[in-house]
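Coordinate analysis (summary)
The primary structure of each chain is shown beneath.
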2 protein chains.
Amino acid sequence: VSVVGPAGFRASGIAAGIKASGVPDMALVCTEDARPASAAAIFTSNRAVAAPVVVSRENLRQTGGLAVGVVLTSGNANAATGRPGVEAARTVCAEVAGSLAVAPEHLLICQTGLIGVPFPVHLVPEAASSLVEGLGCDQGAGERAAEAIMTTDTVRKEALVVADGFSVGGMAKGAAMLAPDMATMLAVLTTDAACDPGTLRDLLRQAGDRTFNAITVDGCTSTNDTVVVLASGQAGPAAPEELAAALETACATLARQMVEDAEGATLVARVYVGGALTDEEAHRAARQVADSLLVKCSLNGGDPYWGRIVSELGSAGVGFELDRVSVSYGGTEVCRLGVAVEHDEAAVASHLAGGHVEISCELGLGDGSGVVLSNDLGYGYLDENRTTS
Amino acid sequence: VSVVGPAGFRASGIAAGIKASGVPDMALVCTEDARPASAAAIFTSNRAVAAPVVVSRENLRQTGGLAVGVVLTSGNANAATGRPGVEAARTVCAEVAGSLAVAPEHLLICQTGLIGVPFPVHLVPEAASSLVEGLGCDQGAGERAAEAIMTTDTVRKEALVVADGFSVGGMAKGAAMLAPDMATMLAVLTTDAACDPGTLRDLLRQAGDRTFNAITVDGCTSTNDTVVVLASGQAGPAAPEELAAALETACATLARQMVEDAEGATLVARVYVGGALTDEEAHRAARQVADSLLVKCSLNGGDPYWGRIVSELGSAGVGFELDRVSVSYGGTEVCRLGVAVEHDEAAVASHLAGGHVEISCELGLGDGSGVVLSNDLGYGYLDENRTTS
């Protein structure tokens, strides 16, 4: 169930010493034969881009959408590290590429962890050879890679979608600083379907918009967000719509795992908005509700206070008429046409006490709809984020 | 130090029974002689506008900017209450106007509390006469009015600015659902300066933008936000620039009191952004930092993690070049030109341990600057907002 699922990929995960705790912190996902695969990536929209994003963009541009693999490190984001940070990211690519006997620009790089701390580049030469030595196509190798990119994540995040004649595998990390805009967090997807880089990029963008860009944990967009997909082609060409569907399913699985593992959260909330003027407005309104500190507090306390939901819909900057709005929890309508409605309070209480809350809002204005996955705000989020040391 | 400070105003505060706890929940601020004063107001930009906002807008329009006074209730926001809610707000104005022997459209109304709960209009007739009977011009009367509009506020919020020949008084409430956009929370300002309604409106807008619209507690814009100013004219005409300055000082004092009393907060953070392309971009960037859940968590833990500040500046959607950015805490630079800089760590730790944190960000691109007042996110905010019952 991971990046080594599709034919033609190897993976590796080791402890390079970037994390003081000595747990795994460096991963590699690459083609089995070390030959370039079609590659595409989407990157954070944050203008404070981290060094690995700069270097991966450069390399993809230089190769015209080809890559042998992706190196990933955790424990240090290599962001706000200036020129030396960019050099460090290039060194990581060069050292790993040397061990693989490929050109440096054929490697992409993703890094995650603390911002503003110089990257310990002296660890790289030894780590690079261990990383390449550790490569394998077995399930264990995939798991080691997925584990090595975890930071505050409590579980590995992996996916495998088996389609007709090909498959899509993936791994990801992310539990906070999660409010994707164009792209999010770190994720690597692999497929054995053959696909040219341009098409692959279009498919990834579409899948990312519908999955990673439809989750929010805390409204903070990271400096390092990157999603990469590699297509080995070993299974031959796939119908684009089938590849698109499999890719979207794999991304959706990983996105959901991130929300489920969100720092300090006790539940997943699916916020649906229908009846908006456009899909874009529905998505914006759903995100406004999903990001709301007050709504997240209510969810944590199991409080069916829909007034906060209506207030967020009203301040989302979308077409809105209060006397047309309805809100339901788990299918039980609590607000109809803008006012409270008699309802089964026990049913709502029991729904809110479960681990999965469905909030459905109807704006009554048009056909636009959208969904954002979110969660509650618990004491654990504060515990996790009050101090980084 | 309140709304009765300027000549020509009376105030009152009583327990009308809206709050089950029996604490004061209804206030009135009006002219001493029950004659109309120049009046202006700014209202929430939330499209889910509450009934009192609808009625106050109507009345102001009908009178062309005149009002005898403002009735305020707490404990029930009368928002998302439909047509009956609007009728209830009109009844409040009519009953109080009856007791004052003035026309109903000469009263404005502000309400705050829970959203979506029908307003207990049956309490109004008795409350209206008690409210008018309780009117006084003494300090105690002003305090009773300021106390009757509190919800989760832990202290009264009052202001008095004595200028050359006139004065400006004010009271306000607000401790959460505070992210003003055009207007915010409830606030009533009074002045004995003479001023026509049109000028008064311009001056209020300007003062509001620089004060109430430059604070944020939780990024949530309320359905009921209203700021009202009444000018009795008893002190004669004031120079517009002097009235503008006094009004802004009074608003700033009240805005600051709201941030200081923010639910669960342990400190006030002043976020300054300079060197932006425009003042508007500086303000937007400062707000992005001030609203960030992760920055607020760091502040609560006294953690000098500036990486989150840079990340928020980068995702604010404003002109931004990482290698030109500098960040300081309390005057100690921790990030220079986009990277960590050696600094006095003890000085930073001690500054962050105080009750007032100064975060200063320089973007190095232009002359735009802006300030937003905010606070930290503490366990107390969750305690307060997990359940409303």
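Nothing here was measured: the structure is a model prediction, and the numbers come from that model.

1. Overview of the overall build of chain A
Of the regular secondary structure elements, chain A holds 11 helices and 16 strands. Relative to its length of 389 residues, chain A is compact, with a C-alpha radius of gyration of 22 Å against a globular reference of 21 Å. Along the first, second and third principal axes, the C-alpha set of chain A runs to 70 × 50 × 35 Å. When each of the 389 residues of chain A is scored for burial, the buried share is 60%. Restricting to contacts in chain A with at least 6 residues of sequence separation, those with at least 24 account for 79%. Carbon together with sulfur atoms contributes 50% to the accessible area of chain A, which is approximately 13,000 Å² in total. Charge centroids of chain A, computed over 24 positive and 46 negative side chains, lie 5 Å from each other.

2. As for the side chain of Arg308 of chain A
Residue and element names in this part refer to chain A. Looking at the element boundaries, Arg308 is found in helix H9 (residues 307-314). There is no salt bridge for the buried Arg308, and the closest opposite charge comes from Asp303, which lies 5.3 Å off by N-O distance. A polar side-chain atom of Arg308 sits 3.3 Å from the main-chain carbonyl oxygen of Leu294.

3. Some points on unusual backbone geometry
Backbone phi values are negative for most residues with the exception of glycine, while trans is the configuration of most peptide bonds. Residue and element names in this part refer to chain B. For Asn78, which is not glycine, the phi torsion reads 50° and is therefore positive. For Asn78, the location among the structural elements is in the loop between strand S5 (69-76) and helix H2 (82-100). Positive phi, normally seen in glycine, also occurs at Leu337, with a value near 50°.

4. Description of the relation of the copies chain A and chain B
When chain A is brought onto chain B, the operation consists of a screw motion whose angular component is 180° and whose axial shift is 0.0 Å, with 0.0 Å RMSD remaining. In symmetry terms, the pair is related by a two-fold rotation axis. Residues of chain A ranked by C-alpha distance from the rotation axis are headed by Tyr379 of chain A, positioned 3.3 Å from it. A share of 100% of the interface residues of chain A reappears at the interface of chain B, consistent with the copies meeting face to face through the same patch.

5. Observations concerning the sheet that holds strand S15 (residues 356-362) of chain A
Residue and element names in this part refer to chain A. With respect to topology, six strands assemble into an open sheet ordered S14-S13-S12-S15-S11-S16, the strand pairing being mixed. Two strands lie at the open edges of the sheet, namely strand S14 (339-340) and strand S16 (368-375), each paired on one side alone. Its contacts with the sheet put helix H8 (residues 293-301) on strand S11 (268-276), S15 and S16, and the angle it makes with S16 is roughly 60°.

6. As for the pattern of salt bridges
All told, the structure shown has 21 salt bridges over all chains when counted by the stated rule. Note that Glu158 of chain B and Arg156 of chain B form a salt bridge whose closest N and O atoms lie 3.1 Å from each other. For Glu158 of chain B, a relative accessible area of 11% corresponds to the buried category. Here Arg324 of chain B ties to Glu321 of chain B by a salt bridge, and the two come within 3.1 Å at their closest N and O atoms. Exposure remark for Arg324 of chain B: the relative accessible area of 38% places this residue in the partly exposed category. Each of the salt bridges in this network shares a partner with another, and the network as a whole consists of Glu58, Glu87 and Arg90 of chain A.

7. Quick look at the interface of chain A and chain B
In this assembly, 53 residues from chain A lie in contact with 54 residues from chain B. Summed over both partners, the interface of chain A with chain B buries about 4,400 Å², with 62% contributed by carbon and sulfur atoms. Its largest share of buried area at the contact with chain B, chain A owes to Arg47, Tyr379 and Arg386 of chain A, together 15% of the area lost on that side. Linking chain A with chain B are zero salt bridges, by the criterion used here. Across the chain A-chain B interface, the total number found is eight residue pairs in polar contact (both at pLDDT 80 or more). Among the secondary structure elements, those contributing two or more residues to the side of chain A that touches chain B are strand S6 (107-114), H8, H9, S14 and helix H11 (379-385) of chain A. Among the residues forming the side of chain A that touches chain B, the class breakdown is 22 nonpolar, 24 polar and seven charged.

8. Considerations on helix H7 (residues 279-291) of chain A
Residues and elements named next belong to chain A. The terminal C-alpha atoms of H7 lie 18 Å apart, and with 13 residues this matches the ideal 18 Å at 1.5 Å per residue to within 8%. Along H7, the residues classified as buried are Glu281, Ala282, Ala285, Ala286, Arg287, Val289 and Ala290. Contacts made by the buried residues of H7 are with S11, H8, H9 and S16.

9. A short note on the pairing of strand S2 (residues 26-31) of chain A
All names here are of chain A. Counting buried positions along S2 yields six of six residues, so the element is predominantly enclosed. Judged from the five bridges that link them, S2 and strand S5 (residues 69-76) form a sheet pairing that is antiparallel. Its bridge partner lying in S5, Leu28 is registered against Val71.

10. Points about the environment of Thr191 of chain B
Residue and element names in this part refer to chain B. By the secondary structure assignment, Thr191 is in strand S9 (residues 186-191). A relative accessible area of 1% means that Thr191 is categorised as buried. Through-space distance from the C-alpha of Thr191 to that of Gly233 is 7.5 Å; in sequence the pair is 42 residues apart. Those residues within four positions of Thr191 in sequence are excluded, and the remaining contacts are Pro6, Phe9, Phe166, Ser167, Val168, Leu230, Ala231, Ser232, Gly233 and Leu243. There is a polar contact of 2.8 Å between the side chain of Thr191 and the backbone oxygen of Ser167. Of the polar contacts made by the side chain of Thr191, one reaches the backbone nitrogen of Ala193; its length is 3.1 Å.

11. Considerations on the packing of aromatic side chains
Counted by the stated rule, this structure contains one aromatic pair over all chains. Seen in terms of ring centroids, Tyr379 of chain A and Tyr379 of chain B are 6.2 Å apart; in terms of plane orientation they differ by 20°. Their pairing is stacked. In this pair, Tyr379 of chain A is assigned in helix H11 and Tyr379 of chain B in helix H11 (residues 379-385), connecting two distinct chains.

12. With respect to the sheet that holds strand S14 (residues 339-340) of chain B
Residue and element names in this part refer to chain B. Here six strands make up an open sheet; going across it, the order is S14-S13-S12-S15-S11-S16 and the pairing mixed. Strands with a single pairing partner mark the edges of an open sheet, and in this sheet they are S14 and strand S16 (368-375). Pairing between strand S11 (residues 268-276) and S16: seven bridges, direction antiparallel. Among the inter-strand pairings, Ala276 is bridged to a residue of S16, identified as Gly368. On top of the sheet, helix H8 (residues 293-301) reaches S11, strand S15 (356-362) and S16; it is set at about 60° to S16, its chief contact.

13. With respect to the state of the cysteines
All names here are of chain B. The tally for this structure, following the rule as stated, stands at zero disulfides over all chains. This cysteine, Cys110, is not joined by any disulfide, and Cys93 carries the nearest cysteine sulfur, 9.5 Å off. Given the relative accessible area of 1%, Cys110 is considered buried.

14. A look at the packing of H7 of chain A against H9 of chain A
Residue and element names in this part refer to chain A. The contact between H7 and H9 brings their axes to 8 Å, and the two run at 135°. Considering their axes alone, H7 and H9 lie oblique with respect to each other. Crossing of H7 against H9: the hand is right-handed. Contacts between H7 and H9 involve Ala285, Gln288 and Val289 on the former and, on the latter, Ile309, Glu312 and Leu313.

Reading the values: the criteria
Residues numbered from 1 in each chain as written. Chains lettered and ligands numbered in written order. Predicted model: local features only at pLDDT ≥ 70, side-chain atom pairs only at ≥ 80, totals over all residues. Heavy atoms only, no water. Helix = DSSP H or I, 4+ residues; strand = E, 2+ residues; numbered from the N terminus. Rg over C-alpha atoms; globule rule 2.2 N^0.38 Å. Buried < 20%, exposed > 50% of the residue type's maximum accessible area, 1.4 Å probe, protein only. Contact = heavy atoms within 4.5 Å. Areas by Shrake-Rupley, 256 points an atom, 1.4 Å probe, with all protein chains shown as cover. Lys, Arg positive; Asp, Glu negative; His and termini not counted. Charge placed at Lys NZ, Arg CZ, Asp CG, Glu CD. Salt bridge = Lys/Arg side-chain N within 4 Å of Asp/Glu carboxyl O. Polar contact = N/O pair within 3.5 Å; in protein donor to acceptor, adjacent residues only side chain to side chain. Least-squares fit on C-alpha atoms with pLDDT ≥ 70 in both. Pairing = 2+ DSSP bridges. Axes fitted to C-alpha atoms, helices over the stretch in contact; angles between N-to-C directions. Buried area = accessible area lost by both parts, 1.4 Å probe. Nonpolar A, V, L, I, M, F, W, Y, C, P; charged D, E, K, R; others polar. Expected span 1.5 Å × (residues − 1). Phe/Tyr/Trp six-rings, centres within 6.5 Å; stacked < 30°, edge-to-face > 60°. Disulfide = S-S within 2.5 Å. Parallel < 35°, antiparallel > 145°, perpendicular 65-115°, else oblique. Left-handed = near helix turned anticlockwise from the far one by under 90°.

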